[in-house]
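Below, each chain spelled out in residue letters.
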Amino acid sequence: MNIRSLTRGDGVVIVAAVLLLIASFLDIYSIEGASDSADIPSLWGSGPIVLGVVLAGIIGAALVVVARALPQPRKVAGLDLGQFGAAFAVFAAWSALGNVFDPAGAFDNGSSSDGIGAGTGLILALVATVVMAAAAIATPLVPALKGALLPAPRPVQPQPYGGQPQGGYGYPGAQQGAYGGQPGQPQPGSPYPGQPQPQQAQPQPQPQPAQAQPAAQPAGDFAPFWFAVPVPRPLFAEDGSPTPIAELAPGTWYLAVEQRGPGLVAQTQDGRRGVLQDTSGIQRG
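Remember, it's a predicted structure, so these values are computed and weren't measured experimentally.

Caption draft 1: Inspection of the overall build of the protein chain at higher detail. Helix and strand counts for the protein chain stand at six helices and 11 strands. By the burial criterion, 32% of the 285 residues in the protein chain qualify as buried. Across the protein chain, contacts joining residues at least 24 apart in sequence account for 63% of those joining residues at least 6 apart. Surface summary for the protein chain: the accessible area is close to 17000 Å², and the carbon and sulfur share equals 59%.

What follows is the structure, encoded as structure tokens:
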């Protein structure tokens, strides 16, 4: 799971779930004329509210967040986990609305319900579930909510994909040495530490042009680089099929290995390669 793939909309869902959990410990009823010391139950004192509002909302938020953090979308009965989570959130908001309008339930048929209204916990639960449902539905549609919740930091470790040495080829911020050189090894023409230099006064022989820049490439050649996407974007197969093979998530660095028209051939963490067609707004490492 990659928490850096979470969006701002997912952050709103998480905050709403925390607010719902806090509301569950507050009063379910507001009784007119009751003293401050009156023992009024919380939302946990009502089974229908616990199942239909509290647990449904928390489960819905968990499904939305987990679905976003997974590297590959998981489906149940043909639906994504995020869609199930949005459905749970809508159901929780609907149940909370019904309980706010009729907090006493069947007691309304008698006179014992006079002066009984929705308590602080029930009203706060309604607000939390409505915000949660709205964020879960609107996140894929509103660009402001699709942005990354946590900004993608520039990588500082030399092993983004499990094993490149410090200064590895293409890694963001790595120092590129001469072609074929080893880290920590003196380059051709450089003396070893402690080696006497009897010919320091003599001019050094000039290297051949072909040896001076062995790694030089034509200006039009593509140089691999690392990049991150601002929002989740699909990665399509190199054969041009319309079905995505993976989804690039914000907060993760990917390696661009080839230019393919306006798109890029990118490599994922597990070694899969595909074409990123939408390269607008990408962050280069």
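We are not done yet, so read on.
Caption draft 2: Inspection of a nonpolar patch on the surface at higher detail. A cluster of nonpolar side chains, L21, F25, W44, L51, L55, I59 and F88, forms an exposed patch at the surface whose accessible area comes to about 660 Å². Summarising the element assignment, F88 is placed in helix 3 (residues 81–101). Since its relative accessible area comes to 32%, F88 is described here as partly exposed.

Caption draft 3: Representation of the nonpolar core in the model. If you look at the biggest cluster of nonpolar residues, it comprises 25 residues, and the most contacted ones within it are V13, L20, L43, I49, V53, A125 and M132. Residues A246, Y254, L264 and A266 belong to the second largest nonpolar core, which totals 12 residues.

Caption draft 4: Local environment of the pattern of salt bridges. One pass over the structure, following the stated rule, counts six salt bridges. The network of salt bridges with shared partners includes E238, E258, R260 and R273.

Caption draft 5: Geometry of the environment of D10. Turning to its location among the elements, D10 is positioned in helix 1 (residues 8–23). Taking C-alpha positions, D10 is 7.7 Å from L149, a pair spaced 139 residues apart along the chain. From its side chain, D10 meets the backbone nitrogen of T7 in a polar contact 2.9 Å long.

Caption draft 6: Layout of the packing of aromatic side chains. Applying the stated criterion across every chain, the model contains three aromatic pairs. Relative to W44, the ring of F25 has its centre 6.1 Å away and its plane inclined at 45°; by these criteria the two rings are tilted. Taken as a pair, F25 in the loop between helix 1 and strand 1 (29–31) and W44 in the loop between strand 1 and helix 2 (47–69) lie far apart in primary sequence, 19 residues in all. A relative accessible area of 56% places F25 in the exposed class. Pairwise contacts between aromatic rings join F225, F227 and Y254 into one cluster. Above the face of the F225 ring, R284 is positioned so that its terminal group lies 3.6 Å from the ring centre.

Conventions used here
- Per chain, residues are indexed from 1 in the order of the written sequence.
- Totals for whole chains, interfaces and linings use all residues, but because this is a predicted model, local features are given only for residues with pLDDT of at least 70 and pairs of side-chain atoms are given and counted only at 80 or more.
- Water and hydrogen atoms were dropped before computing side-chain values, which therefore reflect all heavy atoms in the structure.
- Going along the chain from the N terminus, every DSSP run of H or I of four or more residues is numbered as a helix, and every run of E of two or more is numbered as a strand.
- Categorising residues by exposure relies on relative accessible area from a 1.4 Å probe, with only protein chains included: less than 20% of the type maximum marks a residue as buried, more than 50% marks it as exposed, and the intermediate range marks it as partly exposed.
- Between two residues, a contact is recorded if the distance between any of their heavy atoms is within 4.5 Å.
- Surface exposure here means Shrake-Rupley accessible area, sampled with a 1.4 Å probe, where a residue is shielded only by the protein chains that are shown.
- Patch membership requires over 30% relative accessible area and the absence of a salt bridge. Like charges are linked within 9 Å, and nonpolar side chains (Val, Leu, Ile, Met, Phe, Trp, Tyr) within 5 Å.
- We define a salt bridge as a contact between a side-chain nitrogen of Lys or Arg and a carboxyl oxygen of Asp or Glu at a distance within 4 Å.
- Definition used in this section: a nonpolar core is a set of buried Ala, Val, Leu, Ile, Met, Phe, Trp, Tyr and Cys residues joined via side-chain atoms within 4.5 Å.
- What qualifies as a polar contact is a pair of N or O atoms within 3.5 Å, subject to a donor-acceptor requirement within protein and to the restriction that residues adjacent in sequence count only when both atoms come from side chains.
- When the centres of two rings from Phe, Tyr and Trp lie within 6.5 Å, Trp using its six-membered ring, the rings pair. Their planes under 30 degrees apart give stacked, over 60 give edge-to-face, and anything left gives tilted.
- Any Lys NZ or Arg CZ that is within 6 Å of a ring centre and within 35 degrees of that ring's normal is treated as a charge sitting over the ring.

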